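# Descriptive analysis of the structure
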Amino acid sequence: MTMSGILRKAYRDITGRKVRSALTILGILISVAGIVTIVSTSQNLTRAQAQAFNNSSQADVTLWVWDAPPSLEKALEAIPNVAQAELRNTYWTKWKVGEVWQDIYFVGITDFGDMKVNRITLKEGRYPSWDECLLEVSVKEVAPVAVGQEITYRAGPDNAEHYLTVSGFAQSPTYLSSALTNLSIAYAPAVTVGKMLGITGSNQVLVKVSDFSAVAETVKEIERTIARRGLPHGQPQVRDPKDYPGRRELDALVLLMFLFSALGLVLSGFLVANTLSAIIAEGVREIGIMKALGAGRGQVMRLYLLTTLFYGLAGTILGLFVGSVSQWFLTAYIGRLANVEVPFRLSPQGLLLGALVGLGVTLLAGLGPAWTGTAITVGEALAGYGITSTYGQGLLDRALCRVEGLPSPVVMSLRNLARRKARNAVTLAVIALSTAAYLAAQSTNASVSQAIDGIFDIYSPDAWIYFNEPVDSRFGAMLLTVPGVRGVEPWSLDDCWVGYAKARLWGLPADTTLYRYQLEAGRWYQEGETDAIVISADLAAARDLHLGDVVEVQVGDAARDFRVVGIADDYSIFLGSTVTAKVFMPVDVAHRMLGRLGRASFFALRLEDSTPEGVNRILGQLERKFRRWRPGTVAAHREFESALEQSKVLSIGLSVMVTIVALISAVGVVNTLTLSVLERRREIGVLRAVGANDASLFQVFLTEGLALGLAGWVLGTAIGYPAGRFFVAQMGRLLFQLKFVFTLRLVLTGFIFAILLVVLASLGPALGAARLPTAETLRYE
């Protein structure tokens, strides 16, 4: 057989089976597109994020000061290892969006034409004058604002309403999208924000260092320089150069895409093997004829491997195109949430890996069926009718032959499953893996959702109110005078260090009712205990701490030893936290360490009306009544909505991946049942000849699909449970500790998924079998 003959035969095999060829190419396309999307999205986002941070010269050290003079900037730049320093003003307040007051963070910049650190990019309009402001471009997603529009905000000792005109929109990678955080960012001249603060100087220091490895010593020198000038200042915040806003969520999404694409490749391999097996099975007589005419096994193998290569080339080329387009949409979507503009760029590594995987997996998957199928002898090939001579001899065959008491079409369907064991086993594996992927994805989604819901089971306040300056801790009694406020507790919330581990320090009353602690071990601290703390389980694991251990807790410049009396089950990242590790201690002890005993700046509130409308109304009353103290408020429902919005990216990723896997699986089922119809055309003709109607034939093939679906669901559930555990463990490693959720409801939805998958995939072949004319089936060769 010449090479041109082999090419013509491979071309006829593909074009002569258009539907099956299209389905096989679709499976390869989906897998290749998934690989290209994953690699390209990961690389482009990482590159864009790093470029955005470099272009905007992100600060390595951020420090709160009070009323710092302009001369401090030059003094800081004189410190060795300080590349750039800049003073700014920041002010957190409320602005009016429709009839609702929402959080807004003003950043005051001295010279918009000479920004050294944390630079912003003007996207629309112009830089503001003294009575104007720029808004982050993502603010448009939470409020209907436009250039030239006037906005209302609160400021000053009396928290009175003031107005600024929007001069334009800007973008900075420093902040996540307002749609995620429910926080609007505005940029205004430093003098404008200074008036809000009531100072003439600055209250924020931004520093960019030359050598990050020496940042610790540089931070100490910065603190000494500020202290020599007698300026009040807070604890320096050092940015991790390997981290950026949204990094954890992106890593989690990329991991999910990688896991599902690996599964998609396995399923595509099965699909290609199944398709080639089908082609070989249909061409058994042709193989016998070719061998009878002198063709060797190697020539016949080349024929079918070339067919496989054609499938691989078509699916890979289309997959590269689809993957490049889909990665652009996905990258743009995630970039918008991360507040980073990502230009369209092809990833050479992604394209190369996609091509290698698409062609490599296809050829490897086709090698087995080609080797096995071409081993048939001339006599076996010319005498074959689709039923092996060993049928009825195996355990499964004999067991199915003893099935009685069911309708004849159902019995026939079940017995037919034993005729092509290898092919049906592959199809069963595809359905099982698809069901397992669905269960793992749903389990991961449920685990994340439960973690978010759990936050609001533990933290039961309806809102919080805080003040820029501490007030008397008995201020809570005044808060209770506002109609609708049912309960008040003074809390404390600050960062701390336990050894080398950063944690969040929560000062709570010993008899708190607004924090419903859940203990894994030990007990909660009691009233009057001054040396007892409760730590979160992840902190205990990270520092190898146990009940009774004595640890040092450092807050600012204060440090002292405490005894661990309890370990709490609390992995939340809440109220501006960036770590899950927590230390709980009596609120008066926390205030003493912070140097403000008897004074508080943070209160938890229980309200009579916990609906979003009711909470917003009561918070508005609190802000108006106590406006001379310039309070800030946080509604619990907004924190919840923000957490849900951040988890939406993962949910979308899971849904997309499950859809891809389901499509590949459906293609596999269609392929198997279509081949079954083609192989059994003569049987269909005989059944028609003895009186079988369309409905009976339809039932035969639909029942085969349902039987495969039911078995696939059982096997998929067994695989899905450990797979779900693995997925949740990986998400917990990247995000925060998650509790594994795998309920009976998930198992039942997995059943619906598997059955729906096979029913939809079986309809086409079953209808095709029912419509075959008797004469055509009996003439079929």
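## A closer look at the overall build of the chain
- Secondary structure summary: the chain contains 23 helices and 20 strands in total.
- When each of the 781 residues of the chain is scored for burial, the buried share is 54%.
- At a minimum sequence separation of 6, the contacts of the chain that also span at least 24 residues come to 81%.
- With the model as given, the accessible surface of the chain reaches about 33400 Å², and the carbon-plus-sulfur share is 60%.

## What about the side chain of Thr 192?
- Looking at the element boundaries, Thr 192 is found in helix 5 (residues 190–197).
- In this structure the side chain of Thr 192 is engaged in a polar contact, spanning 2.6 Å, whose partner is the backbone oxygen of Trp 130.
- Contact partners of Thr 192, with chain neighbours within four places excluded, come to Trp 130 and Leu 164.

## As for the nonpolar core
- Grouped together as the largest cluster of nonpolar side chains are 26 residues, with contacts concentrated most on Met 731 and Phe 753.
- Breaking this core down by element, the ones donating at least two residues are helix 7 (247–282), helix 14 (421–458), helix 19 (636–679), helix 21 (694–734) and helix 22 (744–770).
- With seven residues, helix 14 is the single largest residue contributor to this core.
- Contact partners of Phe 753, with chain neighbours within four places excluded, come to Ser 434, Thr 435, Tyr 438, Val 658 and Ala 662.
- Residues Cys 496, Val 553, Val 564 and Tyr 571 belong to the second largest nonpolar core, which totals 24 residues.

## Concerning unusual backbone geometry
- The backbone of Asp 67 shows a phi angle near 55°, a positive value even though the residue is not glycine.
- Here Asp 67 is to be found in strand 1 (residues 61–68).
- Positioned with a positive phi, Asp 544 is a non-glycine residue whose angle comes to about 55°.
- Overall, Asp 544 belongs to the exposed group, its relative accessible area being 55%.

## Side note on the packing of aromatic side chains
- Using the criterion set out here, one finds 23 aromatic pairs in the structure.
- Taking the centre distance of 5.7 Å and the plane angle of 50° together, the rings of Trp 524 and Phe 584 count as tilted. A residue pair is termed long-range when its members are at least 10 positions apart, and Trp 524 in the loop between strand 14 (519–522) and strand 15 (532–536) and Phe 584 in strand 18 (residues 582–586) qualify at 60 residues.
- Residue classification places Trp 524 among the buried positions, given a relative accessible area of 6%.
- Taking the relative accessible area as the measure of exposure, Phe 584 reaches 0% and is therefore buried.
- The ring of Phe 169 carries Lys 140 above its face, with NZ or CZ at 4.4 Å from the centroid.
- The ring of Phe 562 carries Arg 560 above its face, with NZ or CZ at 4.2 Å from the centroid.

## Some words on helix 5
- For helix 5, the buried fraction is high: six of the eight residues fall into the buried class.
- Once helix 5 finishes, Gly 198 follows within two positions and takes phi at roughly 80°, a positive value.

## Some points on the pairing of strand 2 (residues 82–97)
- A large share of strand 2 lies buried, amounting to twelve of its 16 residues.
- Direction of pairing for strand 2 relative to strand 3 (residues 100–109): antiparallel, over a ladder of nine bridges. Residue pairing across strands places Val 97 opposite Val 100, the latter belonging to strand 3.

## Regarding the environment of Gly 354
- By secondary structure assignment, the location of Gly 354 is in helix 10 (residues 348–373).
- Along the primary structure Gly 354 and Ser 31 are separated by 323 residues, whereas in three dimensions their C-alpha atoms are 8.5 Å apart.
- With near-sequence residues (within four places) excluded, Gly 354 lies in contact with Val 32, Ile 35, Val 36, Thr 316 and Leu 320.

## A look at the confidence of the model for the chain
- Across the chain, the average pLDDT comes to 80, with 79% of residues at or above 70.
- Taken element by element, the predicted model of the chain shows its lowest mean pLDDT in helix 23 (residues 774–779) (54) and its highest in strand 5 (residues 132–136) (95).

Definitions and limits used
Residues numbered from 1 in each chain as written. Predicted model: local features only at pLDDT ≥ 70, side-chain atom pairs only at ≥ 80, totals over all residues. Heavy atoms only, no water. Helix = DSSP H or I, 4+ residues; strand = E, 2+ residues; numbered from the N terminus. Buried < 20%, exposed > 50% of the residue type's maximum accessible area, 1.4 Å probe, protein only. Contact = heavy atoms within 4.5 Å. Areas by Shrake-Rupley, 256 points an atom, 1.4 Å probe, with all protein chains shown as cover. Polar contact = N/O pair within 3.5 Å; in protein donor to acceptor, adjacent residues only side chain to side chain. Core = buried A, V, L, I, M, F, W, Y, C linked by side-chain atoms within 4.5 Å. Phe/Tyr/Trp six-rings, centres within 6.5 Å; stacked < 30°, edge-to-face > 60°. Lys NZ or Arg CZ within 6 Å of the ring centre and 35° of its normal. Pairing = 2+ DSSP bridges. pLDDT = per-residue confidence, 0-100.

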